[in-house]
Amino acid sequence: MPCELTDRLDPAGPTAVVEHGANPGLVSHLAKRALHDVATAMLDDRSAGAEPRPDGADELESALAEADYARIAMASGTKAVHVSERDTQRGSVPKRVDDFVNTWSIKGFQEEATAPVELGWGTHERCLPPRAVTHGTGPGNQIYLARTGMSTWARSWVPTTGPMLGMMISHGETYTIGERLTVRDDHGEPVYRPTVLFAYLPSDPTLASLHEFRMAGYRTQSERRIMGDEIVGGADELGVLLLGHGRGGWWTGSRLDIHRVRSLVPGQNATTLQVAAAVLGGLRWMLFHPNRGLCVPDDLDHDEVLAAVEPYLGDCPSAPPGWTPFDGPDDRLDAPPREPDEDPWQFTDVLVR
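Residues numbered from 1 in each chain as written. Predicted model: local features only at pLDDT ≥ 70, side-chain atom pairs only at ≥ 80, totals over all residues. Heavy atoms only, no water.

**Considerations on the overall build of the protein**
Regarding its fold elements, the protein presents eleven helices and 18 strands. A principal-axis box enclosing the C-alpha atoms of the protein has dimensions of 65 × 60 × 45 Å. Classification of the 353 residues of the protein by burial places 51% in the buried group. Sequence separation of 24 or more characterises 75% of the internal contacts of the protein that already satisfy a separation of 6 or more. Total accessible area computed for the protein in this model is approximately 15900 Å², and 54% of it derives from carbon and sulfur atoms. Separation of charge centres in the protein, based on 32 positive and 51 negative side chains, amounts to 6 Å. (Helix = DSSP H or I, 4+ residues; strand = E, 2+ residues; numbered from the N terminus. Buried < 20%, exposed > 50% of the residue type's maximum accessible area, 1.4 Å probe, protein only. Contact = heavy atoms within 4.5 Å. Areas by Shrake-Rupley, 256 points an atom, 1.4 Å probe, with all protein chains shown as cover. Lys, Arg positive; Asp, Glu negative; His and termini not counted. Charge placed at Lys NZ, Arg CZ, Asp CG, Glu CD.)

Structure representation (structure tokens):
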């Protein structure tokens, strides 16, 4: 990740890994696994077809053999990467008026929810969305929208409950994943980059808390509560959804329910365990690689980290969803039916307007 700080540091200096929780962090490793699984599935499909091999199969096979994830993403035709998360944990203590309830840091989530929407911007996108702002300096792999994340919604998908509408929350992985999956020409110009976003649907009491928070002019409630032992059911489902490639869609991630959590680490909930497990995986990698300088999660070996983390993640599916952004109706009653065109993976088709 080029920047002024990394340019001044010794790449073989003491290892420092930044932003390595569940997301940012774990999701960067899940993105690599998803790309590997998509490429493998596409090559299996092609090997079962008629000869000669289809165009692009050799490049995809070569990129997979070299573990070049940017080339895998480009050769597979991946247009978008969604970090998609839905939290369905519920408690026995209902949310009260003037009470903010969450499954993790309340202050941290309020800050994220009220920040502008940031997302990685793909080279396939034909037009900027409303209120989009581009950057005049830097690698140019991101844009932001001049509105809060909690008021901006995107269509996405998770395995257990299917299609979802998630808030577009700003997170570091939308930068690092997009930057590391960029392919450049000999002149350094980007020829390929996917769109990367985080779509988050928090728990029901958290949604109600956010609405109340917004109604009060973003003044936080007098009572704040992180759900713990009162949770009676539900799960946190967090993963990476790849869209637009030869298989259409592919989701890879963690489905961790509260009962599995309590059998592993009593006193925690699904959200906190996903984060803590990812921190553990990052720390273990640092101990085994003490002289790698400043690293973001995308610099770490994903198989090595996931091997340490997976025992705490519950079910870890990696499979196609059979879903596109056009599977749901448009919210505008006077709008014509939403129909996919020659490129059904535009961000404007994911953004809820």
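Here the narrative resumes, following the displayed structure.
**Digging into the packing of helix H9 (residues 270-288) against helix H10 (residues 302-309)**
At a closest axis distance of 8 Å, the pairing of H9 and H10 adopts a crossing angle of 130 degrees. What the angle tells us is that H9 and H10 run oblique. For the pair H9 and H10, the sense of crossing is right-handed. Contacts from Ala-277, Ala-278, Gly-281, Arg-284, Trp-285 and Phe-288 of H9 reach H10 at Glu-304, Val-305, Ala-308 and Val-309. (Axes fitted to C-alpha atoms, helices over the stretch in contact; angles between N-to-C directions. Parallel < 35°, antiparallel > 145°, perpendicular 65-115°, else oblique. Left-handed = near helix turned anticlockwise from the far one by under 90°.)

**Structural notes on helix H4 (residues 69-76)**
Burial analysis of H4 places six of its eight residues in the buried class, which makes it a mostly covered element. Those residues of H4 that fall on the buried side of the exposure criterion are Tyr-69, Ala-70, Arg-71, Ile-72, Ala-73 and Ser-76. Following H4 by one or two positions, Gly-77 adopts a phi angle in the positive range, close to 85 degrees.

**Overview of the packing of aromatic side chains**
Using the criterion set out here, one finds six aromatic pairs in the structure. Here Phe-100 and Phe-213 contribute two aromatic rings whose centre-to-centre distance is 6.2 Å and whose plane-to-plane angle is 80 degrees, an arrangement assigned as edge-to-face. Of this pair, Phe-100 sits in strand S4 (residues 99-102) while Phe-213 sits in helix H7 (residues 204-215), and the two are 113 residues apart along the sequence. With a centroid separation of 5.5 Å and 70 degrees between ring planes, the pair formed by Phe-109 and Tyr-200 is classed as edge-to-face. (Phe/Tyr/Trp six-rings, centres within 6.5 Å; stacked < 30°, edge-to-face > 60°.)

**Some details on helix H6 (residues 173-180)**
The buried fraction of H6 amounts to seven of the eight residues, a majority that puts the element mostly inside the structure. Buried residues of H6: Glu-173, Thr-174, Tyr-175, Thr-176, Ile-177, Gly-178 and Glu-179, and no others.

**Looking at the packing of helix H3 (residues 57-65) against H4**
Relative orientation of the contacting elements H3 and H4 amounts to 155 degrees, with a least axis distance of 8 Å. If you check the angle between H3 and H4, you find them roughly antiparallel. Relative to H4, the crossing made by H3 is left-handed. Packed against H3, whose contacting residues are Glu-59, Leu-60, Ser-62, Ala-63 and Leu-64, the element H4 presents Arg-71, Ile-72, Ala-75 and Ser-76 at the interface. Partitioned by chemical class, the residues of the contact of H3 with H4 number five nonpolar, two polar and two charged. (Nonpolar A, V, L, I, M, F, W, Y, C, P; charged D, E, K, R; others polar.)

**So, empty space enclosed by the protein**
A full pass over the atoms with the stated rule returns three cavities of 30 Å³ or more. Reported here for the largest cavity is a volume of approximately 50 Å³. If you trace the largest cavity, you find it lined by Ala-80, His-82, Glu-125, Thr-195, Leu-197, Trp-345, Gln-346, Phe-347 and Val-350. Among the elements of the structure, strand S2 (80-87), strand S12 (195-201) and helix H11 (347-350) are those that each provide at least two residues to the lining of the largest cavity. Looking at side-chain class alone, the lining of the largest cavity contains five nonpolar, three polar and one charged residues. (1 Å grid on protein atoms, 1.4 Å probe; cavity = no way out; pocket = protein on both sides within 12 Å on 5 of 7 lines; lining within 4 Å. Points joined across faces, edges and corners; volume = space filled by probe spheres on them.)

That is the geometry; function is a separate question.
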